[in-house]
Amino acid sequence: MKKIRTFFALSALVLFSFISVSHLYTEDKVKSLGENIGLYCFDMAIHSENANEVNLSLATLLSYNLFINGDEFVTRENDRIKNKWRDLIASDPSLAYTAFDLYSASFVESFHLAIDEAKKNLIDYHTENPTDYSASYIDQANFVNSHDVLKSCIDNMKNYDKLIDELLKLDELTLDKFITSVSKDPSCFYSESEKPVEAIELKEWLGKKAFIQPEDLSNTGLTHFGNFPVDLILLTNRISSNYPKWTNRKFLQEAKKFSAHVQQNFK
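Predicted model only: the values in this text are computed from it and were never measured.

Novice: Which residues make up the overall build of the protein, and what values go with them?
Specialist: Scanning the protein from N- to C-terminus turns up 11 helices and 2 strands. Listing the helices and strands of the protein from first to last along the sequence gives α-α-α-β-β-α-α-α-α-α-α-α-α. Put simply, the protein has 267 residues, and 42% of those count as buried. Sequence separation of 24 or more characterises 68% of the internal contacts of the protein that already satisfy a separation of 6 or more. Accessible surface computed for the protein: about 16,000 Å², of which carbon and sulfur atoms make up 56%.

Novice: Tell me about the side chain of Asn 52, residues and numbers included.
Specialist: One can find Asn 52 in the loop between helix H2 (27-46) and helix H3 (58-69). In this structure Asn 52 comes out as buried when scored by relative accessible area, which is 16%. In terms of polar contacts, Asn 52 uses its side chain to reach the backbone carbonyl oxygen of Phe 143, at 2.9 Å.

Novice: Can you tell me about the packing of helix H8 (residues 172-181) against helix H9 (residues 200-208), naming the residues and giving the values?
Specialist: As a packed pair, H8 and H9 sit with axes 8 Å apart at the nearest point and diverge in direction by 105°. When the axes of H8 and H9 are compared, the pair comes out roughly perpendicular. For the pair H8 and H9, the contacting residues are Lys 177, Phe 178 and Ser 181 in the first and Glu 201, Leu 202 and Trp 205 in the second. Grouping the amino acids of the contact of H8 with H9 by side-chain chemistry returns 3 nonpolar, 1 polar and 2 charged.

Novice: Talk me through the environment of Val 262; I want residue IDs and the actual numbers.
Specialist: Take Val 262: it is sitting in helix H11 (residues 248-265). A residue is classified by how much of its surface remains accessible, and Val 262, at 6% relative accessible area, is buried. When the C-alpha positions of Val 262 and Ser 104 are compared, they lie 9.0 Å apart, and in sequence the two are 158 residues distant.

Novice: Please give an account of the side chain of Ser 259 that cites residues and values.
Specialist: Residue placement: Ser 259 occurs in helix H11. Its relative accessible area of 6% is what places Ser 259 among the buried residues.

Novice: Explain the pattern of salt bridges residue by residue, including any values.
Specialist: In total, this model carries 10 salt bridges according to the counting rule given. With its nearest N and O atoms 3.1 Å apart, the salt bridge here joins Lys 169 to Glu 166. Between Lys 203 and Glu 198 there is a salt bridge; the shortest N-O distance is 3.4 Å. The network of salt bridges with shared partners includes Lys 151, Asp 155 and Lys 158.

Novice: How would you sum up the nonpolar core? Please name residues and give values.
Specialist: Formed by 37 residues in total, the largest nonpolar core has its most connected members in Tyr 25, Cys 41, Phe 42, Phe 111, Val 144 and Val 149. When contributions to this core are tallied by element, the ones reaching two or more residues are H2, helix H4 (84-91), helix H5 (94-128), helix H6 (134-143) and helix H7 (146-168). The biggest single contributor to this core is H5, with 12 residues. If you look at the next biggest cluster of nonpolar residues, it comprises 27 residues, including Ile 164, Leu 175, Phe 211 and Leu 235.

Novice: Which residues make up the packing of aromatic side chains, and what values do they have?
Specialist: What describes a pair of aromatic rings is the distance from one ring centre to the other and the angle between the planes of the rings. Overall, the coordinates contain 10 aromatic pairs when judged by the stated rule. What links up through ring pairs into an aromatic cluster is the set Tyr 160, Phe 178, Trp 205, Phe 211 and Phe 228. Directly above the aromatic system of Phe 189 lies the positively charged group of Lys 184, at a separation of 5.4 Å from the ring centroid.

Novice: Describe the packing of H5 against H11, and please don't skip the residues or the numbers.
Specialist: Two elements in contact, H5 and H11, have axes separated by 11 Å at closest approach and are oriented at 10°. In this view, H5 runs roughly parallel relative to H11, as classed from their interaxial angle. On the side of H5, the interface is formed by Ala 96, Tyr 97, Phe 100 and Asp 101, while H11 contributes Glu 254, Lys 257, Phe 258, His 261, Val 262 and Asn 265. The class makeup of the residues in the contact of H5 with H11 is 5 nonpolar, 2 polar and 3 charged.

Novice: Could you give an account of H6, naming the residues involved and the relevant values?
Specialist: Residues of H6 that are buried: Ser 134, Ile 138, Gln 140 and Ala 141. Taken end-on, H6 shows its buried residues confined to a sector of 165°, consistent with a single buried face. Exposed residues on H6 whose side chains face more than 90 degrees from its buried face are Ser 136 and Phe 143. Contact partners of the buried residues in H6: H2 and H5.

Novice: Talk me through unusual backbone geometry; I want residue IDs and the actual numbers.
Specialist: Of all residues except glycine, most have a negative phi; of all peptide bonds, most are trans. Here the residue pair Phe 228 and Pro 229 is connected by a cis peptide bond, since its omega of 5° sits within 30 degrees of zero. Positive phi, normally seen in glycine, also occurs at Ala 210, with a value near 65°. Residue placement: Ala 210 occurs in the loop between H9 and helix H10 (230-242). Among the residues examined, Ala 210 registers a relative accessible area of 59% and is labelled exposed.

The rules behind these values
- Residues numbered from 1 in each chain as written.
- Predicted model: local features only at pLDDT ≥ 70, side-chain atom pairs only at ≥ 80, totals over all residues.
- Heavy atoms only, no water.
- Helix = DSSP H or I, 4+ residues; strand = E, 2+ residues; numbered from the N terminus.
- Buried < 20%, exposed > 50% of the residue type's maximum accessible area, 1.4 Å probe, protein only.
- Contact = heavy atoms within 4.5 Å.
- Areas by Shrake-Rupley, 256 points an atom, 1.4 Å probe, with all protein chains shown as cover.
- Polar contact = N/O pair within 3.5 Å; in protein donor to acceptor, adjacent residues only side chain to side chain.
- Axes fitted to C-alpha atoms, helices over the stretch in contact; angles between N-to-C directions.
- Parallel < 35°, antiparallel > 145°, perpendicular 65-115°, else oblique.
- Nonpolar A, V, L, I, M, F, W, Y, C, P; charged D, E, K, R; others polar.
- Salt bridge = Lys/Arg side-chain N within 4 Å of Asp/Glu carboxyl O.
- Core = buried A, V, L, I, M, F, W, Y, C linked by side-chain atoms within 4.5 Å.
- Phe/Tyr/Trp six-rings, centres within 6.5 Å; stacked < 30°, edge-to-face > 60°.
- Lys NZ or Arg CZ within 6 Å of the ring centre and 35° of its normal.
- Arc of directions from axis to C-beta.

Okay, here's the thing in structure tokens:
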């Protein structure tokens, strides 16, 4: 009888896990995400100096993820945004790993198909409707290789890994101060009644570690919140603020772990 109860308990656990994962993502949603990211990367590749070096930011990936999930996960309650997708991940981060293992192949397939189709369409259009810029667009498009673009996106994750490693070297007080300071910086904060406060110490530290360019140090505020490195720091602050059990250090450690999982399985 004990063995039977144990079997049903394990079965229920496995069933709950798969229900949660299927609720977190569906294959159609993942294909849509791959297609959208592929089209975005192709557009970046067409306008970059090196057609196959595309820096996909964390903020961009999160924005497209939010878009494909839509009202099913993101609602507004009492003038506050409720992100149920993020709630699921925060309650059980293993769901992210399972979803990746189940659907990453679908993402990759859609990513490649989207770039290849966009490439063909652009070349066909400019061949049939030539302008002074058509030859340049066609030449650039011919250099785009979806596999190289994906590799560039994965390689870009190493920049985030380096940032995480440096942040984790900080003592607890400094780490928390840096992460908290980003929320009121002019690059991220707007209020009709409250003035922003520059995250000067954080900016100087980022400059010292070469995560931002020297010319950025003279600007007001940090670099744009949608770009590296501010996007990761801002996300860390959002997570630790909304989920007390996820301290800044704990979240960064988990982010590094998931990054390693993705890179290892995309080789």
